[in-house]
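# Summary of the model geometry
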Amino acid sequence: MKQISDINPLDLGGEPLAEKARAKLRRERFEQEKENGYQLLVELCYLGEYDMAKQLANKNQKWGYQIVDGVVMDRID
């Protein structure tokens, strides 16, 4: 066990991630955010909140979805 004086509170521990590992984490986080966004848009459409779903889809264009006739679709640019 380390003495309290030997502990650096600014040290996050572990080795810094390699660039490939960071890129993979970013991709995974983005895919998770995109999936969560899709689920939220679908739920809003199911509840009949089409205008709110459209606003959310427009605000988060990086998700790549749009609302057409109350249905969540992939955005075509």
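A brief look at the structure comes next. (Residues numbered from 1 in each chain as written. Predicted model: local features only at pLDDT ≥ 70, side-chain atom pairs only at ≥ 80, totals over all residues. Heavy atoms only, no water.)

## Thoughts on the overall build of the protein
Looking only at helices and strands, the protein features two helices and two strands. Starting at the N terminus and walking to the C terminus, you meet the elements of the protein as α-α-β-β. Scaling as 2.2 N^0.38, a compact globule of 77 residues should have a C-alpha radius of gyration of about 11 Å, whereas the protein reaches 20 Å, well beyond that. Here the C-alpha coordinates of the protein stretch approximately 65 × 25 × 15 Å along the principal axes. Within the protein, the proportion of its 77 residues that are buried is 17%. In the protein, 29% of the contacts between residues at least 6 apart in sequence involve partners at least 24 apart. Within the protein, one finds 12 positive and 14 negative side-chain charges whose respective centroids are separated by 6 Å. (Helix = DSSP H or I, 4+ residues; strand = E, 2+ residues; numbered from the N terminus. Rg over C-alpha atoms; globule rule 2.2 N^0.38 Å. Buried < 20%, exposed > 50% of the residue type's maximum accessible area, 1.4 Å probe, protein only. Contact = heavy atoms within 4.5 Å. Lys, Arg positive; Asp, Glu negative; His and termini not counted. Charge placed at Lys NZ, Arg CZ, Asp CG, Glu CD.)

## Regarding the environment of I67
As for its position among the elements, I67 is in strand 1 (residues 65-68). Using a relative accessible area of 10% as the deciding quantity, one classes I67 as buried. Linking I67 and G48, residues 19 residues apart in sequence, is a C-alpha distance of 12 Å.

## A closer look at the nonpolar core
In terms of nonpolar packing, the biggest core is built from ten residues, these being L41, L44, C45, A53, L56, A57, W63, Y65, I67 and V72. Where this core is concerned, the elements lending two or more residues are helix 1 (19-46), helix 2 (50-59) and strand 1. If near-sequence neighbours (up to four positions away) are discounted, L44 is found in contact with E49, M52, A53 and L56. (Core = buried A, V, L, I, M, F, W, Y, C linked by side-chain atoms within 4.5 Å.)

## What to know about the packing of aromatic side chains
Scanning all chains against the criterion turns up one aromatic pair. With centroids separated by 5.2 Å and ring planes inclined at 50°, the aromatic side chains of Y38 and Y65 adopt a geometry described as tilted. Within this pair, whereas Y38 is found in helix 1, its partner Y65 is found in strand 1, the two being separated by 27 residues in sequence. Judged by relative accessible area, Y38 falls into the partly exposed class, the value being 29%. Residue class for Y65 comes out buried when judged on its relative accessible area of 8%. (Phe/Tyr/Trp six-rings, centres within 6.5 Å; stacked < 30°, edge-to-face > 60°.)

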